[in-house]
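Here is what each chain is made of, one letter per residue.
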Amino acid sequence: MHRKTPYPDQLSGSLLEAARRHADQRLVRFELAGKAYFAKRPERYESLRYWITKGHPQRAFRREVAQLKAFGARKAPVPAIMAEAHDCIVTADHGPTVLSLLKQNAVGPEMFSRLGQHLWQLHELGLAHGRPVLRDLCWDDRRVTFLDLEAGATLNATPRDYARDVLVLLHSILVSKNTTREDGLTFMQTYFTLADDEVFAATLERVKKLWWLELLLYPVMLRHRQRGKKRSEFIAIQTMREAVVQYAEAVTPTQPRLDDETTMPGA
Ligand SMILES: Nc1ncnc2c1ncn2[C@@H]1O[C@H](COP(=O)(O)OP(=O)(O)O)[C@@H](O)[C@H]1O
Ligand SMILES: [Mg+2]
């Protein structure tokens with residue numbers, strides 16, 4: 001008995017055939033009948049470390065596909081699955097990533113307000129992405145699409161999950177080329193103007209709890225600065241914490257500052 005797939009047979013058949021021609025590549029963009037698609041397969045781990053941290057690649061892949069369908073069913077802006085096999089999915093191309101647009105200086109400050117709005121819209125569906133970094137957000141001049149529902153995507157999200165999304169995206173903005181601290185504040189302004197105060201409180205609490213990380217990374221930050229590095233994943237953790245507090249002080253002047261002990265002099 002031929003199992004009915006949710007995809008239009010003709011197209012999904014041709015897409016899987018086209019994807020099979022690139023079977024050696026884990027992720028590939030290809031065109032069919034004038035339209036662009038991405039074929040994605042399970043990871044092939046080189047080192048044991050990945051097996052330990054990410055678990056069985058097939059299972060991780062199936063989990064990602066299940067999350068994509070669950071998010072899609074909730075009308076979330078995630079890639080549409082156009083065809084599926086046990087070891088491969090084909091999704092529609094949702095445009096360039098925000099990271100690549102930033103590198104080309106192809107987006108202005110309005111993009112950061114837009115990110116705040118689109119992240120809030122995802123959260124309004126009760127969903128959290130888990131790791132919304134700029135290389136996994138696409139912009140097609142109409143909407144932001146959230147890719148890569150691997151790490152931590154949640155269907156029944158809590159304010160803590162939303163806070164983590166806000167901080168991961170803020171950190172990704174602050175570590176990326178061609179962005180400013182103001183861009184981070186613009187993102188937060190739009191997001192927190194729309195979001196519940198509960199999420200803001202959870203974000204502030206989470207940022208305060210990260211003081212140990214800044215302490216731990218202080219020597220690395222210092223070395224980066226001594227080498228004239230303006231941006232690094234580590235330095236951006238401090239910039240992110242300061243930006244959240246700066247925002248907090250701007251919106252609630254009475255808000256207590258980060259207690260000064262946790263901020264390293266001259267860091
Ligand atoms: N549907 C899509 N539309 C546009 N770009 C995509 C799509 N799927 C993947 N990409 C591109 O491929 C990159 C890797 O895909 P992703 O799903 O994030 O896999 P990985 O697990 O390797 O991070 C993305 O950062 C993006 O540049
Ligand atoms: Mg990715």
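To start, this report covers the structure provided alongside it. Numbers given to residues run from 1 along each chain, matching the order in which its sequence is written. As they are written, the chains are lettered A onward and the ligands numbered 1 onward, keeping that order. Side-chain atom pairs in this predicted model are given and counted only at pLDDT of 80 or more, local residue features only at pLDDT of at least 70, and totals for whole chains, interfaces and linings cover all residues. In computing side-chain values, all of the structure's heavy atoms are included and hydrogens and water are not.

Starting at the N terminus, helices and strands are each numbered in turn, a helix being any DSSP run of H or I of at least four residues and a strand any DSSP run of E of at least two. Along its length, the protein carries ten helices and six strands. Compactness check: the protein gives a C-alpha radius of gyration of 20 Å against a globular reference of 18 Å for 267 residues, within 12% of the reference. Its C-alpha atoms give the protein principal-axis dimensions of about 70 × 40 × 35 Å. Relative accessible area decides the class of each residue, using a 1.4 Å probe on protein chains only: under 20% of the type maximum gives buried, over 50% gives exposed, and in between gives partly exposed. Across the 267 residues of the protein, 46% fall into the buried class. In the protein, the proportion of contacts linking residues at least 24 apart, taken out of those at least 6 apart, comes to 64%. Here the protein displays about 14,400 Å² of accessible surface, and carbon together with sulfur accounts for 55% of that area. Across the protein, the centroid of the 39 positively charged side chains sits 5 Å from that of the 32 negatively charged ones. To get the radius of gyration, use the C-alpha atoms; to get the globule rule, take the number of residues to the power 0.38 and multiply by 2.2 Å. Every residue pair with non-hydrogen atoms within 4.5 Å of one another is taken to be in contact. Only the protein chains shown count as cover for residues, and the accessible areas themselves come from Shrake-Rupley with a 1.4 Å probe. Only four residue types enter the charge count: Lys and Arg as positive, Asp and Glu as negative, with His and the chain ends excluded. A charge is said to be at NZ when it belongs to Lys, at CZ for Arg, at CG for Asp and at CD for Glu.

Metal sites are built from N, O and S donor atoms within 2.8 Å, or 3.2 Å for Na, K and Ca, and they leave out water, so they may look incomplete. Around the magnesium ion (ligand 2), the donor atoms from the protein are D136 (OD) and D148 (OD), and they sit 2.0 to 2.3 Å away. Taken as a pair, D136 in the loop between α5 (110–124) and β5 (137–139) and D148 in the loop between β6 (144–146) and α6 (159–175) lie far apart in primary sequence, twelve residues in all. A relative accessible area of 6% means that D136 is categorised as buried.

Any carboxyl oxygen of Asp or Glu within 4 Å of a side-chain nitrogen of Lys or Arg constitutes a salt bridge here. This model, assessed by the stated rule, comprises 13 salt bridges. Among the ionic pairs, R62 bridges to E84, the shortest N-O distance being 2.7 Å. In this pair, R62 is assigned in helix α3 (residues 57–73) and E84 in strand β3 (residues 81–85), connecting sequence segments 22 residues apart. By relative accessible area, which is 21% here, E84 ends up partly exposed.

Every definition here rests on a 1 Å grid over the protein atoms only: cavities are sets of points where a 1.4 Å probe fits but cannot get out, pockets are open sets enclosed by protein on both sides within 12 Å along at least five of seven lines, and lining residues have some atom within 4 Å of a point. Grid points are joined across faces, edges and corners, and a volume is the space filled by probe spheres set on the points. Its boundaries defined by the atoms lining it, the largest pocket holds a volume of some 430 Å³. What lines the largest pocket is a set of 23 residues, and nearest its centre among them are L27, K40, D136, L147 and D148. Every element with two or more residues in the lining of the largest pocket is listed here: β2 (35–40), α3 and β4 (88–92). For the domain bounds, the source is a domain assignment made automatically or taken from a database. Looking at the lining of the largest pocket, you find at least three residues from each of domain 1 (9–92) and domain 2 (98–262).

This brings us to the sheet that holds β3. Strand order in the open sheet formed by four strands is β1-β2-β4-β3, with antiparallel pairing between adjacent strands. At either margin of the open sheet sits one strand with a lone partner, and together these are β1 (27–32) and β3. Sheet twist, expressed as the mean angle between neighbouring strand axes with direction ignored, is 20°. Pairing between two strands is assigned when DSSP locates at least 2 bridges connecting them. As defined by bridge partners, β3 adjoins β4 across four bridges and the pair is classed as antiparallel. Among the inter-strand pairings, I81 is bridged to a residue of β4, identified as T91. Helix-sheet contacts for α3 involve β2, β3 and β4, and the interaxial angle to β3 is about 150°. Interaxial angles span 0 to 180 degrees and are taken between N-to-C directions of axes, which are lines fitted to C-alpha atoms, for helices over the stretch in contact.

Moving on to a negative patch on the surface. Put simply, a patch holds well-exposed residues, over 30% relative accessible area, that have no salt bridge, with like charges counted together within 9 Å and Val, Leu, Ile, Met, Phe, Trp or Tyr side chains within 5 Å. Taken together, E124, D196, D197 and E198 make up a surface patch of like negative charges. Among the secondary structure elements, E198 is positioned in helix α8 (residues 197–208).

Once that is clear, we can look at the site of ligand 1. As a matter of local geometry, ligand 1 sits amid 17 residues, with R26, A92, R135, D136 and D148 nearest to it. Polar contacts, as counted here, are pairs of nitrogen or oxygen atoms within 3.5 Å of one another; within protein the pair requires one atom able to donate a hydrogen and one able to accept it, and residues that are adjacent in sequence qualify only if both atoms are side-chain atoms. A distance of 2.8 Å separates a nitrogen atom of ligand 1 from a polar atom in the backbone of A92. Between ligand 1 and the protein, one listed contact pairs a nitrogen atom with a side-chain N or O atom of D93 at 3.5 Å. In the complex, the protein chains occlude 80% of the 540 Å² of accessible area that ligand 1 would expose alone. If a single non-hydrogen atom of a residue is within 4 Å of a molecule or strand, that residue counts as near it.

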